[in-house]
Amino acid sequence: MNILAIGAHPDDVEGFCGGTLAKYAAQGHKVFTASTTNGNIGSATLPKDVIARIRKEESRQAAAVIGAEYICLDYDDELFFETREARIALIDLVRYCKADVIFTHNPRDYNPDHELTSKMVNDIAVMIPIAKIETRNPPCDKIPLLFYFEPAHAIGFVPTDYVDITEYMDIKHEMNSKHVSQIQWIKDNYKDQVGDRDRNVFDDIDVIARFRGLQCGCDYAEAFVTAQHAYRMTAKRILP
Ligand SMILES: [Zn+2]
């Protein structure tokens with residue numbers, strides 16, 4: 001299968017579903033990662049074009065850890081809106097990847113780019129095979145299956161599906177570690193939320209994966225909600 005994870009920001013998908021992507025890749029599936037925005041507000045000191053370039057390169061390196069390809073739709077960070085152009089760009093992205101399975105943000109999350117990316121990915125899924133919707137890449141022959149990841153910090157989330165990622169935690173951490181520019185940014189910008197203790201994004205990822213592992217009977221897991229369209233329901237398990 002072809003697997004596509006679409007986040008809003010360059011460092012989103014590794015944290016939310018990096019273990020699952022690594023597992024898919026290890027099983028021989030083709031994996032793509034993508035972000036709708038280029039992350040160009042993610043630095044207190046660097047100009048927007050410079051931090052965008054750095055973050056796209058970090059995402060490319062994170063994807064390369066599992067042999068995946070990263071694609072950026074290049075919208076401005078925190079200024080992603082529902083436009084005709086953005087809808088076409090998302091349809092074209094899915095067609096380019098010939099995605100069988102898509103992962104994206106939870107419809108309820110703390111950030112407007114996350115929520116809108118989620119909504120738009122859900123909206124366009126049924127449009128992928130429609131020939132009269134013209135994009136650079138040709139239509140695919142099927143509607144992809146869609147899964148939502150957890151919202152940030154797993155607040156208010158009840159999973160429908162789990163993936164055991166115990167053997168892939170090291171790879172998930174390695175993917176996340178490529179986002180060097182964001183490790184300090186998150187510490188600085190979200191200081192009020194994380195408090196004074198020396199916590200970083202890797203600790204948070206560990207806590208949530210351990211918690212989900214506890215729920216499904218393994219050491220570490222990632223959790224999702226199925227957002228399958230009525231057009232392509234399947235009783236078969238698609239998750240690795
Ligand atoms: Zn984000």
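Residues numbered from 1 in each chain as written. Predicted model: local features only at pLDDT ≥ 70, side-chain atom pairs only at ≥ 80, totals over all residues. Heavy atoms only, no water.

*Asks:* How do you make sense of the overall build of the protein when you look at a structure like this?
*Replies:* The number of helices and strands found in the protein is 8 helices and 7 strands. Relative to the globule expectation of 18 Å for 240 residues, the C-alpha radius of gyration of the protein, 17 Å, shows essentially globular dimensions. If one aligns the C-alpha atoms of the protein with their principal axes, the spans along those axes are about 55 × 45 × 30 Å. Per-residue burial for the protein yields a buried fraction of 52% across its 240 residues. If you take every contact in the protein between residues at least 6 apart in sequence, the share linking residues at least 24 apart comes to 79%. Seen as two clouds, the 27 positive and the 36 negative side-chain charges of the protein have centres 5 Å apart. (Helix = DSSP H or I, 4+ residues; strand = E, 2+ residues; numbered from the N terminus. Rg over C-alpha atoms; globule rule 2.2 N^0.38 Å. Buried < 20%, exposed > 50% of the residue type's maximum accessible area, 1.4 Å probe, protein only. Contact = heavy atoms within 4.5 Å. Lys, Arg positive; Asp, Glu negative; His and termini not counted. Charge placed at Lys NZ, Arg CZ, Asp CG, Glu CD.)

*Asks:* What is the right way to look at the coordination of the zinc ion in this model?
*Replies:* Geometry sets the ideal angles at a metal, namely 109.5 degrees for four tetrahedral donors and 90 or 180 degrees for six octahedral donors. Summarising the metal site, the zinc ion is bound by the protein donors His9 (ND1), Asp12 (OD), Asp12 (OD) and His114 (NE2), whose distances to it range over 2.0 to 2.4 Å. Considering all 4 donor atoms around the zinc ion, the spread of angles at the metal, 55 to 135°, places the coordination shape in the irregular class. Mapped onto the polypeptide sequence, the residues donating to the zinc ion form the spacing pattern H-x2-D-x101-H. One end of the pair, His9, is in the loop between strand E1 (2-7) and helix H1 (12-26); the other, His114, is in helix H4 (residues 112-125), and 105 residues separate them in sequence. Assigned by exposure class, His9 and His114 land together as buried. (Donors = N, O, S within 2.8 Å, 3.2 Å for Na, K, Ca; no water. Tetrahedral: all angles 85-135°; square planar, octahedral: opposite > 155°, others 65-115°.)

*Asks:* Just to check I follow, could you spell out the side chain of Arg212 for this structure?
*Replies:* Inspection of the secondary structure puts Arg212 in helix H8 (residues 201-216). Given the relative accessible area of 1%, Arg212 is considered buried. Residues in contact with Arg212, not counting those within four places in the same chain, are Glu150, Ala154, Phe157, Pro159, Tyr162, Ala221 and Ala223.

*Asks:* Looking at this structure, I do not really get the side chain of Glu14. What am I missing?
*Replies:* Mapped onto the secondary structure, Glu14 falls in helix H1. A polar contact is formed between the side chain of Glu14 and the side chain of His179, at a distance of 3.2 Å. Excluding anything up to four places from it in sequence, Glu14 contacts Ser59, Ala62, Lys172, Met175, Asn176 and His179. (Polar contact = N/O pair within 3.5 Å; in protein donor to acceptor, adjacent residues only side chain to side chain.)

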